[in-house]
Amino acid sequence: QAEGTDFAYDERDVILYNLGVGAKRTDLPLVFENDDNFQALPTFGVIPTFNATAPFSLSELVPNFSPMMLLHGEQYLEIRSFPIPTEAVTTSYPKLVEVVDKGNAGIVVTGSTTKDKKTGKELFYNESTVFIRGSGGFGGAKKGTDRGAATTVYKPPKRAPDTIVEEATTEEQAAIYRLSGDRNPLHIDSEFSKVGGFKTPILHGLCFFGIAGKAVVQSYGMFRNIKVRFAGIVLPGQTLVTEMWKEGNVVIFQTKVKETGKLCIAGAGAELVDGGKSKL
Ligand code: HDC
């Protein structure tokens, strides 16, 4: 196996992450290390691999690569062992899954397994899709491959949602979330975001992924995997409305920006552990 990238974290990182995705001071299991039930939200599983060194660079995979034109397109996360440690030294092993040509954009999918460095136990598996505007048309495959849960596009049922959770983000949401490892200037520096086409910095996809995932876990219990498509941007300060439908062991969900009515997460779903009995 190729050499991986280590990432050590402790309860401080867990609390900072939980706050970054909107945990409240009254959510003691999420913000107080001495709470009997202290825990990382399951979406914390995206963090250990986030800055892991990939065995490729995006500029060698697609033409005209520019970091300003890159957006997070989709995310799949699988939690491979429970409970999620609240401190650990991990090693992540990113690899290229596929490159897709959307004509006006290039898509690159990276897969990464994260292990506990001491025990070798697998903790998480992630697949991250980046959507690079202006980097298509290179004659590559037009569609991605089917990889089961990682590529499932969930279809919300016709009935009204079973549960709706509304959560306001704050103007500082991206400034806090970036301290969990994604220092992309797109989320903090308007000079940078302007070049990418956004007047003001936009919220991290993984931040609103975490907020939506928190709505799922707080409504239905722990999940073993979660898949989302980032269908639209979110500005810090906007309110997110997550609509959920329980279909057997799966929570199908989507998230809208209240101010615009537009979807920011679409076709999303999470497979529950034990039918969702393990509540926060
Ligand atoms: O959907 C549009 C959009 O704006 N989405 C929101 C993007 C966003 O806000 N992301 C989060 C913020 S960016 C971020 O967090 C960056 C982070 O700091 C770094 C990333 C870290 C990654 C992890 C590393 C480990 C947009 C612009 C993405 C697409 O809109 P359009 O251009 O209008 O596309 P459309 O015409 O609808 O479709 C064209 C083809 O592309 C497919 N597609 C659409 N949205 C997609 C997508 N594929 C993947 N992800 C998406 N989000 C469509 O299916 C279509 O393909 P086909 O024609 O084959 O059906």
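Residues numbered from 1 in each chain as written. Predicted model: local features only at pLDDT ≥ 70, side-chain atom pairs only at ≥ 80, totals over all residues. Heavy atoms only, no water.

Draft legend 1. Expanded view of a negative patch on the surface. The grouping of Asp10, Glu11, Glu33 and Glu87 at the surface amounts to a negative patch. Take Glu33: its relative accessible area is 33%, and that puts it in the partly exposed class. (Patch = residues over 30% accessible without salt bridge, like charges linked within 9 Å, V, L, I, M, F, W, Y side chains within 5 Å. Areas by Shrake-Rupley, 256 points an atom, 1.4 Å probe, with all protein chains shown as cover. Salt bridge = Lys/Arg side-chain N within 4 Å of Asp/Glu carboxyl O. Lys, Arg positive; Asp, Glu negative; His and termini not counted. Charge placed at Lys NZ, Arg CZ, Asp CG, Glu CD. Buried < 20%, exposed > 50% of the residue type's maximum accessible area, 1.4 Å probe, protein only.)

Draft legend 2. Representation of the site of the ligand in the model. Around the ligand sit 25 residues in total, of which Lys102, Asp182, His187, Gly205 and Phe230 are the nearest. Between Lys143 and the ligand, the recorded distance is 3.0 Å, taken from a side-chain N or O atom to an oxygen atom. Residue Arg229 places a side-chain N or O atom 3.2 Å away from an oxygen atom belonging to the ligand. Of all the elements in the fold, those that place two or more residues in the shell around the ligand are strand 2 (70-79), strand 5 (122-133) and strand 7 (223-230). Considering every element that reaches the shell around the ligand, the biggest residue donor is strand 2, with five residues. Taken together, the residues of the shell around the ligand break down into 12 nonpolar, eight polar and five charged. (Near = heavy atom within 4 Å. Polar contact = N/O pair within 3.5 Å; in protein donor to acceptor, adjacent residues only side chain to side chain. Helix = DSSP H or I, 4+ residues; strand = E, 2+ residues; numbered from the N terminus. Nonpolar A, V, L, I, M, F, W, Y, C, P; charged D, E, K, R; others polar.)

Draft legend 3. Looking closely at the packing of aromatic side chains. Under the defined criterion, the tally for this structure stands at five aromatic pairs. Put simply, the rings of Phe7, Tyr9, Tyr17, Phe44 and Tyr177 pair up and form one aromatic cluster. (Phe/Tyr/Trp six-rings, centres within 6.5 Å; stacked < 30°, edge-to-face > 60°.)

Draft legend 4. Structural context of unusual backbone geometry. Cis geometry marks the peptide bond from Phe82 to Pro83, where omega comes out at -5°. By the element assignment, Pro83 lies in the loop between strand 2 and strand 3 (88-101). The phi torsion at Asn64 lies on the positive side, around 50°, for a residue other than glycine. Relative to the assigned elements, Asn64 resides in the loop between helix 3 (58-61) and strand 2. Among the residues examined, Asn64 registers a relative accessible area of 61% and is labelled exposed.

Draft legend 5. Up close: helix 1 (residues 11-20). Within the span of helix 1, buried status applies to Val14, Ile15, Tyr17, Asn18 and Gly20. Those residues of helix 1 hidden inside the fold are in contact with strand 1 (5-9), helix 2 (28-31), helix 4 (173-177) and helix 6 (205-220). Its side-chain oxygen placed 3.0 Å from the backbone nitrogen of Arg12, Asp10 serves as the N-cap of helix 1. A positive phi of about 95° marks Gly22, the residue just after helix 1. (Contact = heavy atoms within 4.5 Å.)

Draft legend 6. The environment of Asn18, seen in detail. Tracing the chain through its elements places Asn18 in helix 1. For the pair Asn18 and Leu41, spaced 23 residues apart in the sequence, the C-alpha separation amounts to 6.6 Å. If near-sequence neighbours (up to four positions away) are discounted, Asn18 is found in contact with Ala23, Leu30, Gln39, Ala40 and Leu41. A distance of 3.2 Å separates the side chain of Asn18 from the backbone oxygen of Gln39, its partner in a polar contact.

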